[in-house]
Amino acid sequence: ALPISAGGGGGEGAEASGELMRNSGRGRGAQLRYSMDSMGCQMNTADAERMEGQLRSLGFARAEEGTPAQVVVLNTCSIREHAEAKVYSYLGPHAARKRAGEDLAIVVAGCVAQQEGEALLRRVPEIDMVMGPQYANRLGDLLEGVFNGNQIVATAPTHIMEDPTQPQRSSTVCAWVNVIYGCNERCTYCVVPTTRGSEQSRPRDAVRAEIEALVAEGYREVTLLGQNIDSWGSDLSPKQSFADLLRDVGGVDGLARMRFVTSHPRYMSPRVIDAVAEVPALCPMFHIPFQSGDDGILRDMGRGHTAARYREIVHNIRTRLPDAAITADAIVGFPGETEEQFENTLQLMRDVRFDQINTAAYSPRPHTPAAVWGDQVEEGVKKERLRRINELAAEHALERRQRYLGRVEEVLVEKRNERHPAQVKGRNPQGCPVFFEGDIDELKGQLVPVRIVEARPYSLVGERAEGRFAGGRYADDGESVVVEA
C-alpha cells in the first residue's frame with residue numbers, strides 16, 4: 001500500500017475527476033490531455049520530465065496552448081519568497097474551471113506540495129492530489145486513486161523507486177539524470193531537507209543503465225543531478241564514492257560530455273577533481289555554492305565549512321585544471337549579517353573570480369530555524385547588497401570570459417537561437433553559452449569547432465572554424481595558454 005492519505009470522495013476535486021475517468025476515460029476513444037508547468041531548479045525539471053513520461057505511458061497527450069487539459073500538473077518550488085502565493089495564483093483559473101463543471105484533475109507536486117500538505121486542500125478544495133517530490137516516480141499509480149474518486153495527499157517519507165517509464169525529455173541532445181535524491185544537511189535557511197527528504201542514492205547499475213540507454217537514443221551530453229551530489233554512495237551498502245561513480249558512468253561508450261551539480265564544500269573531494277581531469281567525457285566545470293564569505297555567517301547558516309576551506313578547494317581545482325569554470329550560489333542579507341561580514345563575501349569573490357554566481361537576497365522560508373530569528377536584515381539593505389554583489393559578479397564573469405577570445409572552442413549545438421534564427425546556440429566544455437551562425441538542422445547534436453570573436457558577461461559569440469582543432473584541454477603555463485590533445 002502507498003504511504004498516503006486518501007479521502008474517498010473527500011472533495012470537490014475527487015468527485016469530478018472520478019467522473020472524468022468513468023465518462024471520458026481511456027479506452028473510449030476520447031484523447032485525454034495534460035498540462036505540465038514546472039518551477040525552480042534542475043531537480044524539478046528532471047522530476048517534471050519523469051512525470052510527463054508517466055502521463056504519456058497512460059495514454060495522455062500534452063495539451064497544446066489554448067487547448068483545455070483534463071489533468072493539470074503544477075510542479076512547485078519553495079526556495080524563493082512568495083512561492084506559496086504564486087501557487088495559489090496559478091491554481092485560481094483551474095479551480096474556477098472545475099467549479100464551472102468542467103472535468104479535470106488538478107495535481108500539485110513538488111516542494112510547496114510537500115511543505116503545505118493538506119493545507120493546500122483546505123485553501124483550494126478543488127485540488128485532487130498533493131504529492132511531494134519523492135512521489136514523482138509514482139504519479140501514474142496515484143492518479144489511478146484520483147480517477148477512482150479519491151482526494152490524495154502523498155507527502156509521507158518513502159523509498160524512491162526506480163521508474164520504468166521513459167521521461168518526456170525537453171531536449172534531444174542533453175539529458176538530466178538523477179543520481180541522489182534528498183539532502184541530509186540542515187542549513188538553517190534551507191527548506192530542501194523538509195521538502196525533499198533524506199538522501200537516497202540510486203544504485204550505480206541503474207544510473208549507468210539510464211545513461212547507456214540515453215546514448216543509444218542519440219543523446220550527447222548528460223548532467224548528473226543531486227542536491228548534495230558528493231554524498232552519493234554514502235547510504236549504499238557497501239558504501240561507494242562519487243568519484244568512482246564518475247569514472248564508471250563517464251566511461252560509457254559514445255557519451256560525448258558529462259557534467260554534475262551540485263557540490264558541497266564540506267564533501268568536495270580531490271578525487272572528484274582528479275576524475276574530472278582524467279575522464280575525457282567529464283567537463284571542466286564545478287558548481288560549488290559558498291553562500292557567504294564570512295565564517296560567522298557560515299557558522300550561523302550551519303554550512304559546516306569555512307571561507308578558508310572554500311579557497312582551498314578552488315586552489316586544488318585550479319592547480320589541477322587551470323581552465324576549469326567555477327560557479328556558485330550566494331545569499332546576501334542573512335539574519336544578523338553586518339556590513340563587514342558582507343564585505344567578506346565580496347572579498348571571497350575578488351579572491352576567486354567566479355565564472356558565474358547565482359545570487360539571492362535572504363528570504364525566510366517555512367519550517368527553517370533562521371526564519372524566526374529576531375535579527376532580520378532590513379529589506380532595503382538586502383536589496384542594496386544584492387545590487388552590489390550582482391555588479392561584482394557580472395564584472396568577474398566578463399573578465400573570466402576574456403580568456404576565450406581568439407580560441408577555438410568545441411561547442412555542442414543544442415538548439416536554434418530564438419532571437420536570431422540564423423544563429424545556433426550551444427555550450428563549450430565549461431558550460432558557457434556560445435552563439436554562432438549555422439543551420440540547426442545540420443548542426444544539432446554536433447560538436448563544432450568555433451573561434452570566439454566576442455565575449456559577453458554570460459555568453460560568447462563565435463564563428464565556425466572549419467577543419468580546425470576543437471577539444472583537448474587547455475593549460476596555462478604561466479606565460480601563455482597551450483592546448484593539450
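All of the points below concern the structure found in this document.

**Re the overall build of the protein**
Inference 1: Helix and strand content of the protein: 15 helices and 21 strands.
Inference 2: For the protein, with 485 residues in total, the buried portion stands at 55%.
Inference 3: Put simply, of all contacts in the protein between residues at least 6 apart along the chain, 72% involve residues at least 24 apart.
Inference 4: Total accessible area on the protein stands at roughly 20500 Å², and carbon and sulfur atoms take up 48% of it.

**Quick word on the pairing of strand β16 (residues 423–427)**
Residues in a regular strand project their side chains so that they alternate between the two faces of the sheet.
Inference 1: Relative to β16, strand β15 (residues 408–416) runs antiparallel, the two sharing four bridges. Residue pairing in the sheet places K415 in a bridge with K425 of β16.
Inference 2: Turn length for the β15-β16 hairpin, with the two strands adjacent in sequence and antiparallel, is six residues.
Inference 3: In the sheet, β16 pairs with strand β17 (residues 433–437) via five bridges, with the strands oriented antiparallel. Its bridge partner being in β17, R427 is matched across the sheet by P433.
Inference 4: Connecting the antiparallel pair β16 and β17 is a turn made up of five residues, with G431 showing a positive phi of about 90 degrees.

**Description of the packing of helix α12 (residues 307–320) against helix α13 (residues 339–352)**
Inference 1: Remark: α12 packs on α13, axes separated minimally by 11 Å, with the N-to-C direction vectors making an angle of 15 degrees. Overall, the two elements α12 and α13 adopt an arrangement that is roughly parallel. Here the hand of the crossing between α12 and α13 comes out right-handed. From α12, A307, Y310, R311, V314 and R318 reach across to α13, where they touch Q347, L348, D351 and V352.
Inference 2: Grouping the amino acids of the contact of α12 with α13 by side-chain chemistry returns five nonpolar, one polar and three charged.

**Observations concerning unusual backbone geometry**
Inference 1: The residue after S237, namely P238, is reached through a cis peptide bond having omega -5 degrees.
Inference 2: The residue after V261, namely T262, is reached through a cis peptide bond having omega 5 degrees.
Inference 3: Topologically, T262 is positioned in the loop between β11 (257–261) and α10 (270–278).
Inference 4: Located in the positive-phi region is Q291, a residue other than glycine, with phi close to 65 degrees.
Inference 5: Following the sequence through the fold, Q291 ends up in the loop between β12 (285–287) and α11 (295–301).
Inference 6: One non-glycine residue, R353, adopts positive backbone phi at about 60 degrees.
Inference 7: If you trace the backbone, R353 turns up in the loop between α13 and β14 (356–361).

**Some thoughts on the sheet that holds strand β9 (residues 200–201)**
Inference 1: Spatially, the four strands line up as an open sheet ordered β9-β8-β10-β11, and their pairing is mixed. Of all the strands in the sheet, the pair left with one neighbour each is β9 and β11.
Inference 2: Pairing geometry for strand β8 (residues 174–181) and β9, over two bridges, is antiparallel. Bridge assignment links Y181 to a residue of β9, and that residue is Q200.

**Examining the nonpolar core**
Inference 1: Ranked by internal contacts, the top residues of the largest apolar core, which has 54 residues, are I211, L224 and F286.
Inference 2: Apart from the residues within four sequence positions on either side, I211 is in contact with V177, V222, L224, V249, V252, L255 and M258.
Inference 3: Ranked by size, the runner-up nonpolar core spans 24 residues in total, among them A48, L55, F60 and F147.

**Section: helix α9 (residues 242–249)**
Inference 1: Every buried residue of α9 is listed here: F242, A243, L245, L246 and V249. Summarising the axial view, the buried residues of α9 lie within an arc of 160 degrees, below the 170-degree limit, and thus occupy one face.
Inference 2: Here the buried face of α9 lies against β8, α8 (204–217), β10 (221–226), β11 and α10.

**A word on the packing of α9 against α10**
Inference 1: Relative to each other, α9 and α10 sit at 15 degrees, their axes nearing to 8 Å. Relative to α10, α9 is oriented roughly parallel. For the element pair α9 and α10, the recorded crossing hand is right-handed. On the side of α9, the interface is formed by F242, A243, D244, L246 and R247, while α10 contributes R271, V272, D274, A275 and E278.
Inference 2: Residue composition of the contact of α9 with α10, by class: five nonpolar, no polar and five charged.

**Side note on the pattern of salt bridges**
Inference 1: All told, the structure shown has 35 salt bridges when counted by the stated rule.
Inference 2: Taking the shortest distance from any N to any O, the salt bridge between R266 and E185 comes out at 3.2 Å. With a gap of 81 residues between them, R266 in the loop between β11 and α10 and E185 in the loop between β8 and α7 (192–196) connect regions that are remote in the sequence.
Inference 3: You can call R266 partly exposed: its relative accessible area is 37%.
Inference 4: Between E212 and R208 there is a salt bridge, with the nearest N and O atoms lying 2.9 Å from each other. Of this pair, E212 and R208 both sit in helix α8, four residues apart, which is roughly one turn of the helix.
Inference 5: Ionic contacts of the salt-bridge type, sharing partners, join the residues D323, D355, R400, R403, R407 and E409 into one network.

**A short note on the sheet that holds β16**
Inference 1: Pairing in this closed barrel of five strands is mixed, and the strands run β15-β16-β17-β19-β18 around the ring. Taken pair by pair, the neighbouring strands of this sheet meet at an average axis angle of 50 degrees, ignoring direction.
Inference 2: Bridge analysis of strand β18 (residues 447–455) against strand β19 (residues 460–464) gives five bridges, and the strand direction is antiparallel. By the bridge assignment, E454 is partnered in β19 with V461.

**Focus: helix α2 (residues 42–57)**
Inference 1: With 16 residues, α2 should reach 22 Å at 1.5 Å per residue; the first-to-last C-alpha distance of 23 Å fits that figure.
Inference 2: Along α2, twelve of the 16 residues are buried, which leaves the element largely enclosed by surrounding structure.
Inference 3: Among all positions in α2, only M43, N44, A46, D47, A48, E49, R50, M51, E52, G53, Q54 and L55 are buried.
Inference 4: Looking one or two residues past α2, G59 carries a phi angle of roughly 100 degrees, positive in sign.

The rules we used
- Here the residue numbering is sequential within each chain, running from 1 through the sequence in written order.
- Only residues with pLDDT of at least 70 are given local features in this predicted model, and only at 80 or more are side-chain atom pairs given and counted; all residues enter the totals for whole chains, interfaces and linings.
- Excluded from the side-chain calculations are hydrogens and water; all other atoms, namely the structure's heavy atoms, are used.
- Think of it this way: any DSSP run of H or I at least four residues long counts as a helix, any run of E at least two long counts as a strand, and we number them from the N terminus.
- Residue burial is assigned from relative accessible area. The probe radius is 1.4 Å, only protein chains are included, and a residue is buried under 20% of its type maximum, exposed over 50%, and partly exposed in between.
- In what follows, residue pairs with any heavy atoms lying within 4.5 Å of each other are defined as contacts.
- Throughout, the Shrake-Rupley method with a 1.4 Å probe supplies accessible areas, and for residues the shown protein chains are the sole cover considered.
- DSSP calls a pair of strands paired once it identifies at least 2 bridges connecting them.
- Note on geometry: axes are lines fitted to C-alpha atoms, helical ones only across the stretch in contact, with angles between N-to-C directions running from 0 to 180 degrees.
- Angle categories: roughly parallel below 35 degrees, roughly antiparallel above 145, roughly perpendicular from 65 to 115, and oblique for all the rest.
- Less than a right angle of anticlockwise turn of the near helix away from the far helix marks a crossing as left-handed, whereas a clockwise turn marks it as right-handed.
- Ten residue types, Ala, Val, Leu, Ile, Met, Phe, Trp, Tyr, Cys and Pro, are classed as nonpolar, four, Asp, Glu, Lys and Arg, as charged, and the remainder, Gly among them, as polar.
- In this text, buried Ala, Val, Leu, Ile, Met, Phe, Trp, Tyr and Cys residues form a nonpolar core when linked through side-chain atoms within 4.5 Å.
- Here, the arc refers to the directions that run from the helix axis to the C-beta atoms.
- The rule for a salt bridge is simple: a side-chain nitrogen of Lys or Arg has to be within 4 Å of a carboxyl oxygen of Asp or Glu.
- To estimate the expected span of a helix, count its residues, drop one, and scale the result by 1.5 Å.

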